[in-house]
Amino acid sequence: MKIYEACKPRQSVFDRTRRDTVLNLSDLLDGRLDEEAGKEFFSENFVTSGMKVLIEKTFDRVSGKRDQSPAYLLSQAMGGGKTHSMIAVGLLARYPSLRSLLGKDFHLGNQPFKVIGFDGRETDYPYGLWGALAQQLGKKELFAPLYSPLQAPGVTSWVNLLKGESVVILLDELPPYFNYAKAVQIGNSDLAQVTTAALSSLLVAANKNELSRVVIILSDLSATAYTSGQVFINEALEEFKKETHRSVVPIEPVATQGDEIFHILRTRLFEQLPDKSVREQVARRYGEAVEKANKMDLTTLSAPSVAALIRDSYPFHYSLRDLYGRFKANEGFQQTRGLLRMMRAVVANLWETGKAKEIELVHPYDIDLNDPDIFN
């Protein structure tokens with residue numbers, strides 16, 4: 001069966017204005033991502049294994065079920081799903097009604113939790129990272145002595161701010177913020193150094209018994225443009241390790257190996273896919289073709305292996321993953337986000353030109369570089 005008959009792309013695939021839409025943490029913090037928007041968010045997103053671990057550990061700690069680590073570091077290249085994972089956790093924490101959308105594998109309860117955060121792309125925080133978090137909790141006045149001039153709160157100050165709270169703290173895009181903060185002088189120091197001290201104290205405070213229901217989720221940024229900014233985060237993480245003898249737990253939002261990328265593509269690009277019988281039929285046909293080629297000494301590929309790979313990757317040919325593996329580290333290419341943008345354009349091209357009526361799978365040779373959207 002041709003993919004035109006078997007699969008139905010989402011309308012967003014054909015909307016060129018939406019292809020470049022990137023959600024920022026500030027969309028969640030400022031309320032632009034509300035409960036209704038959350039339903040659409042989860043309908044179009046696949047929960048990766050890394051995201052599943054992050055959600056479960058966050059809810060275990062914030063609800064007091066288990067003594068989990070107080071801090072998690074989302075570590076992946078730019079465009080690798082870090083902000084996306086933070087937004088997912090934040091929406092689920094704020095809006096209990098969204099939790100049922102995850103299915104029966106999750107047991108997250110019905111209690112709403114506070115979500116506060118800091119988006120490092122937004123540099124205009126007059127009271128620093130600590131003032132922004134205090135303001136979102138409705139306790140801005142507690143840090144009043146630390147605003148003029150800006151001074152980093154110590155461990156005790158953080159404990160006084162957060163004690164008794166069940167709260168998720170999301171700290172995103174810090175490296176570019178630190179790059180900016182280096183140029184802001186504060187006495188004999190600068191805002192980057194003061195913010196590093198504040199972050200170190202926050203991490204240490206979260207390890208105290210009084211803050212047993214506080215969880216901190218940070219992201220790093222593996223990009224050469226922000227190497228110097230990343231140094232400040234590493235300094236704060238090292239201080240936390242020395243003070244508490246615990247490490248911030250690293251989590252990879254999207255597995256770079258395995259079939260997660262095909263699950264993500266299927267969920268984001270298609271609203272309707274065929275049942276397993278169609279997938280099995282296509283896989284069997286490819287397996288039979290490989291078996292014939294084997295008998296003619298044209299290939300050494302294993303027919304059963306090829307059929308199994310096709311089952312897992314449908315409606316894409318599994319070799320797209322190998323191609324992606326070659327260019328995902330290219331400078332400027334935004335890993336998962338970049339692949340989604342490109343494959344949206346590829347799928348739109350196949351449907352708009354009618355090529356989807358002729359093929360059973362999307363192959364690498366279906367990437368039409370004469371299409372300006374795909375070429376760009």
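Anything mentioned here points back to the structure above.
The rules behind each value
Residues numbered from 1 in each chain as written. Predicted model: local features only at pLDDT ≥ 70, side-chain atom pairs only at ≥ 80, totals over all residues. Heavy atoms only, no water. Helix = DSSP H or I, 4+ residues; strand = E, 2+ residues; numbered from the N terminus. Contact = heavy atoms within 4.5 Å. Areas by Shrake-Rupley, 256 points an atom, 1.4 Å probe, with all protein chains shown as cover. Salt bridge = Lys/Arg side-chain N within 4 Å of Asp/Glu carboxyl O. Pairing = 2+ DSSP bridges. Axes fitted to C-alpha atoms, helices over the stretch in contact; angles between N-to-C directions. Buried < 20%, exposed > 50% of the residue type's maximum accessible area, 1.4 Å probe, protein only.

When helices and strands are counted, the chain shows 17 helices and nine strands. Once the C-alpha set of the chain is aligned to its principal axes, its extents read approximately 80 × 45 × 40 Å. Of the contacts made within the chain by residues no fewer than 6 positions apart, 75% connect residues no fewer than 24 positions apart. Approximately 17500 Å² of the chain is accessible, and the part contributed by carbon and sulfur atoms is 49%.

If you walk through the whole model with that rule in mind, you get 12 salt bridges. Each of Asp-27, Asp-30 and Arg-32 takes part in one network of salt bridges that share partners.

Okay, the sheet that holds strand E7 (residues 214-219) next. With parallel pairing, five strands are arranged side by side in an open sheet as E3-E4-E7-E2-E8. Pairing within the sheet leaves two strands with one partner each, and these edge strands are strand E3 (114-119) and strand E8 (249-251). Sheet twist, expressed as the mean angle between neighbouring strand axes with direction ignored, is 20 degrees. Alignment of strand E2 (residues 71-74) against E7, held across four bridges, turns out to be parallel. Its bridge partner being in E7, Ala-71 is matched across the sheet by Ile-216.

Glancing now at the environment of Val-13. Among the structural elements, Val-13 can be located in the loop between strand E1 (8-9) and helix H2 (16-19). Here Val-13 falls in the buried class, since its relative accessible area comes to 0%. Separated by 335 residues in the primary sequence, Val-13 and Ala-348 place their C-alpha atoms 6.0 Å from one another.

The values are spatial; any link to function lies outside them.
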